[in-house]
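# Report on the structure
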Amino acid sequence: GAGPLPGAAPGDPPFLPAWLRRPGAPPAPSRMQCVRLGFQTFPLALCAELPLTALRVALYTRWRLEHPALSAAGGLPLVADVFVTAAIAVLAALATTPLDVVRTRATQALLLGPAAAAPGSGPVPGPDAPPADIVRFYLRTFRLLVQTEPLGNLFAGSVQRALWYGLCFGLTTPLRVVEYGFVRDSVIFRLFEAADAASTISIR
């Protein structure tokens, strides 16, 4: 996690809702501050999540290309598709864990200032820094951590990350495919058929 915000009472997690904060604790950040932080850290999310998505899609596409008989037969049964999708999501999440670790360290620096930045990662972008500066800061932090941190630190939280993405994609992706098939067959095709029938009547 990114740790407590400056001035937070000991033991108070960052962004703790006001109705859960202990009496006497400093007020939580305003909604606008949270929105600004979200925009500021969005480039970090892209740096961490785009490679994960690209790897996951590439692995699944490669697997489907190596099994053309499945496409000809209409695809895998739903249970098997869940297993394959989850396994690929787990592998992609494990492989890209260091990118998420770097995002956490970079976010800590944005939240808490230069004192929380990795030593040698350069100046920390300010609140109004353009996205390009934040991406460059992420890349500097990535290069520094790869050079200085033990391998175990770069893969910290990999099991939890793999389980989370495995469950998310393994359970939801095939269901979305089924839902798309239902919408396609029950709604879209019927609309085309109705439009075709209407055009035929008008021609006559």
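None of these values were measured; they are calculated from a predicted model.

Before going further, it helps to examine the side chain of Ser 121. Mapped onto the elements of the fold, Ser 121 is located in the loop between α4 (97-112) and α5 (131-148). If sequence neighbours within four positions are ignored, Ser 121 has contacts with Phe 137, Arg 140, Thr 141 and Leu 144.

The next thing to look at is the confidence of the model for the protein chain. Looking at the protein chain, pLDDT values average 76 and 65% of them are 70 or higher. Averaged pLDDT values for the elements of the protein chain fall to 62 in helix α2 (residues 68-72) and rise to 91 in α5. Per-residue pLDDT stays below 50 along residues 1-16; that stretch engages in 33 contacts with residues further than four places along the chain or on separate chains.

Time to look at the packing of helix α1 (residues 31-65) against α4. Describing two packed helices takes the angle between their axes plus the distance from one axis to the other. Close contact between α1 and α4 brings their axes to 9 Å; oriented N to C, the two are set at 165°. The angle between the axes of α1 and α4 places the two elements in the roughly antiparallel class. Remark: the crossing between α1 and α4 carries right-handed chirality. Counted together, Leu 37, Gln 40, Thr 41, Leu 44, Ala 45, Cys 47, Ala 48, Glu 49 and Pro 51 of α1 and Leu 99, Asp 100, Arg 103, Ala 106, Thr 107, Leu 110 and Leu 111 of α4 form the full contact between these two elements. Here the residues of the contact of α1 with α4 sort into 10 nonpolar, three polar and three charged.

Core analysis: the largest hydrophobic core is formed by 17 residues, its most contacted members being Leu 44, Phe 137, Tyr 138 and Leu 145. Within the residue set of this core, elements represented by two or more residues are α1, α4 and α5. Not counting the four nearest positions on each side in its chain, Tyr 138 is found in contact with Leu 44, Cys 47, Ala 48, Leu 99, Val 102 and Arg 103. Judged by nonpolar contacts, the second largest core, of six residues, contains Leu 52, Ala 89, Ala 92 and Phe 169.

The rules we used
Residues numbered from 1 in each chain as written. Predicted model: local features only at pLDDT ≥ 70, side-chain atom pairs only at ≥ 80, totals over all residues. Heavy atoms only, no water. Helix = DSSP H or I, 4+ residues; strand = E, 2+ residues; numbered from the N terminus. Contact = heavy atoms within 4.5 Å. pLDDT = per-residue confidence, 0-100. Axes fitted to C-alpha atoms, helices over the stretch in contact; angles between N-to-C directions. Parallel < 35°, antiparallel > 145°, perpendicular 65-115°, else oblique. Left-handed = near helix turned anticlockwise from the far one by under 90°. Nonpolar A, V, L, I, M, F, W, Y, C, P; charged D, E, K, R; others polar. Core = buried A, V, L, I, M, F, W, Y, C linked by side-chain atoms within 4.5 Å. Buried < 20%, exposed > 50% of the residue type's maximum accessible area, 1.4 Å probe, protein only.

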